Amino acid sequence: MITVFNRKELLCTFDMKKQAEVRDILWKFDISYEVRVSDRADVFVGGRMTGESSPIPEHQTEYLIYVKKEDYERAMFLMHRNIEE
């Protein structure tokens with residue numbers, strides 16, 4: 001089980017395709033992971049930007065992928081080796 005105390009951030013991206021590729025790699029190599037999704041649309045109030053964010057819709061959703069600390073090095077290696085640029 002992945003908890004706040006035994007996890008490490010593997011990836012932070014706004015790219016849905018990239019996060020899906022990374023999740024597929026982790027699943028393929030049997031590495032447990034947790035995904036946090038944060039919607040950045042709340043920074044827009046009354047048609048004005050209230051924070052640092054892009055008004056482009058595909059840049060409004062942030063994906064954070066965490067793995068266990070003990071799996072981090074292996075996951076990082078596999079991600080860089082298998083990700084499609």
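The structure we're discussing is the one just above.
Please read these numbers as outputs of a predicted model, since none were measured by experiment. Throughout, residues of each chain are indexed from 1 in the direction in which the sequence is written. With the structure being a predicted model, the display of local features is reserved for residues of pLDDT at least 70 and the display and counting of side-chain atom pairs for 80 or more, all residues being used for whole-chain, interface and lining totals. Side-chain metrics in this entry use all non-hydrogen atoms of the structure; hydrogen atoms and water are not considered.

### Observations concerning the overall build of the chain
Counting its regular elements, the chain contains two helices and five strands. Listed by position from the N terminus, the elements making up the chain come as β-α-β-β-β-β-α. In the chain, which comprises 85 residues, the share counted as buried stands at 33%. Once local pairs closer than 6 in sequence are excluded, the contacts in the chain between residues at least 24 apart make up 75%. The helix count covers DSSP runs of H or I at least four residues long, the strand count covers runs of E at least two residues long, and both are numbered beginning at the N terminus. Type-normalised accessible area, obtained with a 1.4 Å probe on protein chains alone, sets the label of each residue: buried when under 20%, exposed when over 50%, and partly exposed for intermediate values. Residue contacts follow a heavy-atom distance rule, with two residues in contact if any of their heavy atoms lie within 4.5 Å.

### Regarding the pairing of strand β5 (residues 61-68)
Within β5, seven of the eight residues are buried, which leaves it mostly tucked inside the rest of the structure. Across six bridges, strand β1 (residues 7-13) lies against β5 in antiparallel orientation. When the sheet's bridge partners are listed, C12 is paired in β5 with L64. A pair of strands is labelled paired if DSSP reports no fewer than 2 bridges between them. When strand β2 (residues 33-39) meets β5, the two strands line up antiparallel, connected through seven bridges. Within the sheet, the bridge partner assigned to Y33 lies in β5 and is V67.

### Points about the environment of E62
Here E62 shows up in strand β5. The exposure class of E62 is buried, given its relative accessible area of 11%. Contact partners of E62, with chain neighbours within four places excluded, come to C12, T13, F14, R36, V37, S38 and R40.

### Structural notes on the sheet that holds β2
Sheets are built from strands paired through backbone hydrogen bonds, the pairs being either parallel or antiparallel. An order of β1-β5-β2 is seen for the three strands of this open sheet, with the pairing classed as antiparallel. This sheet does not close on itself; its edge strands, each paired only once, are β1 and β2. The mean angle between the axes of side-by-side strands here comes to 25°, regardless of whether they run parallel or antiparallel. Fitting a line to C-alpha atoms yields each axis, with helices limited to the stretch in contact; the angle taken between N-to-C directions then spans 0 to 180 degrees. Packing of helix α2 (residues 72-82) onto the sheet brings it into contact with β1 and β5, and relative to β1 it is tilted by some 25°.

### Here's the deal with the side chain of T13
Following the sequence through the fold, T13 ends up in strand β1. Since its relative accessible area comes to 10%, T13 is described here as buried. With sequence-adjacent residues up to four places away left out, T13 is seen in contact with K18, Q19, T61, E62 and Y63.

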